[in-house]
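Overview (structure and organization)
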Amino acid sequence: MLAIDVEGLTKRFGNFIAVDNVEVKVNKGEIFGFLGANGAGKTTTIKMLTGLISPSKGKIFVDGIDVVKYPQKVKEKIGYMSQKFSLYNDLTVEENINFFGRIYGLSTKKINSTKTWLYENFGLKDYESLLTNELPTGIKQRLALGITLMHEPTIVFLDEPTSGADPVSRRNFWEVIQELSRNGVSVFVTTHFLEEAEYCNSISFIHQGKIIAKGSPTQLKKIFEDYPIFEVDFGSPEFNYYLAGKKFDFAEFTLFGNKLHCYCKMKLVSTEDFRKILSEKLQTKILSLRKIKPSLEDVFVNYISSRNA
């Protein structure tokens, strides 16, 4: 049995289709990444999967429960960490843990043992008496995740959990997520940080409410197996910017920092041969050119470009 099994999921708001015929399959113990830009439909999807809003149509099964029929029942089985952190800023760390423990229906003994576990495993020691509003973002994230896990859910939904966090906090957060997966917890995580998707077992890209690609990170990168990617700098920010988004019969360009990623349309071309082609086609000097390994951001940009072509 799949941890999450979704077919034909659609959500309309009037004439606007926020989620369009989405399919999601998540295995037990898997980290599933649901990736897309802001406004792509990620949060709307996760709200339907957790029973917070009803779909316009489609089937949703989470841990074998029909979420459309029994939206309340599924909430007992899952953990959900929203974008805004479901914490009370005017309560201390300890008071938040006590409060949510009672909401989950945990006994005082269980709350106290869980509290000790959270302090030791989530880096919350010495923060117990601080108001949540006074916590650094990274600590607040860990507290929110810890509270999400208090009732020992088998499936956890994390909606852009690292948004606003510094790189070190984000890395530490993902170490916790990987540990959950190793312990058999299924994790459904939405993010617009494409580099974070490397931690996922499987990924779906969503764009304008539609799934445009899915697979493991390795599988998705195979679209560049025969057609190389080059990092190129023409030495002129203005010219680099001019080329960004341009499509030619031999390549297309996307701006990455102050340089360009060039997606070659010629099979297995060498770096030196491509340098000659660029010089001849664009009639300009090249400051630097090197072949690079594709990132998931390259994959996503490629799919978006193809879809919008």
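Residues numbered from 1 in each chain as written. Predicted model: local features only at pLDDT ≥ 70, side-chain atom pairs only at ≥ 80, totals over all residues. Heavy atoms only, no water.

**Observations regarding the overall build of the protein chain**
- For the protein chain, the helix and strand inventory stands at ten helices and 14 strands.
- Along the longest, intermediate and shortest principal axes, the C-alpha atoms of the protein chain span 75 × 45 × 35 Å.
- Here the protein chain, with 309 residues, has 50% of them falling under the buried criterion.
- When contacts within the protein chain are restricted to residue pairs at least 6 apart in sequence, those whose partners lie at least 24 apart make up 67%.
- Carbon together with sulfur atoms contributes 48% to the accessible area of the protein chain, which is approximately 15,400 Å² in total.
- Where the 40 positive side-chain charges of the protein chain centre and where its 36 negative ones centre are 5 Å apart. (Helix = DSSP H or I, 4+ residues; strand = E, 2+ residues; numbered from the N terminus. Buried < 20%, exposed > 50% of the residue type's maximum accessible area, 1.4 Å probe, protein only. Contact = heavy atoms within 4.5 Å. Areas by Shrake-Rupley, 256 points an atom, 1.4 Å probe, with all protein chains shown as cover. Lys, Arg positive; Asp, Glu negative; His and termini not counted. Charge placed at Lys NZ, Arg CZ, Asp CG, Glu CD.)

**Observations regarding the pairing of strand 9 (residues 202-207)**
- Counting buried residues in strand 9 gives six out of six residues, a clear majority hidden from the surface.
- The side-chain alternation of strand 9 yields two buried faces, one formed by S202, S204 and I206 and the other by I203, F205 and H207.
- Of the pairings in the sheet, the one linking strand 9 to strand 10 (residues 210-215) comprises five bridges and is antiparallel in character. Within strand 10, the residue paired with S204 across the bridge is K214.
- What sits between strand 9 and strand 10 in their antiparallel hairpin is a turn of two residues, with Q208 showing a positive phi close to 50°. (Pairing = 2+ DSSP bridges.)

**Re the sheet that holds strand 12 (residues 251-256)**
- Judged by pairing direction, the sheet is antiparallel, and its four strands sit side by side in the order 12-13-11-14 without closing on themselves. Both edges of this open sheet fall to strand 12 and strand 14 (288-292), since each of them pairs with a single strand only. Within the sheet, the average angular offset between the axes of one strand and its neighbour, ignoring direction, is 30°.
- Both strand 12 and strand 13 (residues 259-264) contribute to a ladder of six bridges, which runs antiparallel. (Axes fitted to C-alpha atoms, helices over the stretch in contact; angles between N-to-C directions.)

**Section: empty space enclosed by the protein**
- For the structure on display, the rule yields one cavity of 30 Å³ or more.
- Here the largest cavity is characterised by a volume of approximately 30 Å³.
- G138, Q141, R142, S169, N172 and F173 together form the lining of the largest cavity.
- Those elements that provide at least two residues to the lining of the largest cavity are helix 5 (137-148) and helix 6 (167-182).
- Taken together, the residues that form the lining of the largest cavity break down as one nonpolar, four polar and one charged. (1 Å grid on protein atoms, 1.4 Å probe; cavity = no way out; pocket = protein on both sides within 12 Å on 5 of 7 lines; lining within 4 Å. Points joined across faces, edges and corners; volume = space filled by probe spheres on them. Nonpolar A, V, L, I, M, F, W, Y, C, P; charged D, E, K, R; others polar.)

**Description of the side chain of E196**
- Considering the arrangement of structural elements, one finds E196 in the loop between strand 8 (186-191) and strand 9.
- Here R170 takes part through its side chain, which lies 3.0 Å from a polar atom of the side chain of E196.
- The residues contacting E196, other than those within four sequence positions of it, are T162, R170, W174 and T191. (Polar contact = N/O pair within 3.5 Å; in protein donor to acceptor, adjacent residues only side chain to side chain.)

**With respect to the environment of M81**
- Tracing the sequence through the fold places M81 in strand 6 (residues 78-81).
- For the pair M81 and I147, spaced 66 residues apart in the sequence, the C-alpha separation amounts to 8.8 Å.

**Some thoughts on a nonpolar patch on the surface**
- A contiguous nonpolar patch, built from Y88, F99 and I103 and spanning about 290 Å² of accessible area, is present on the exposed surface.
- Structurally, F99 is set in helix 3 (residues 93-103). (Patch = residues over 30% accessible without salt bridge, like charges linked within 9 Å, V, L, I, M, F, W, Y side chains within 5 Å. Salt bridge = Lys/Arg side-chain N within 4 Å of Asp/Glu carboxyl O.)

**Here we look at the sheet that holds strand 6**
- The strand order across the open sheet formed by six strands is 6-7-8-3-9-10, and the pairing between neighbours is mixed. Bordering the open sheet on either side are strand 6 and strand 10, each of which pairs with just one other strand. Along the sheet, successive strands turn relative to each other by an average axial angle of 15°, direction set aside.
- Where strand 3 (residues 31-35) meets strand 9, four bridges bridge the pair, whose relative direction is parallel. From the neighbouring strand, L35 faces strand 9, where its bridge partner is F205.
- In this fold helix 6 packs onto strand 3, strand 6, strand 7 (155-159) and strand 8, with an angle of close to 130° to the strand it touches most, strand 3.

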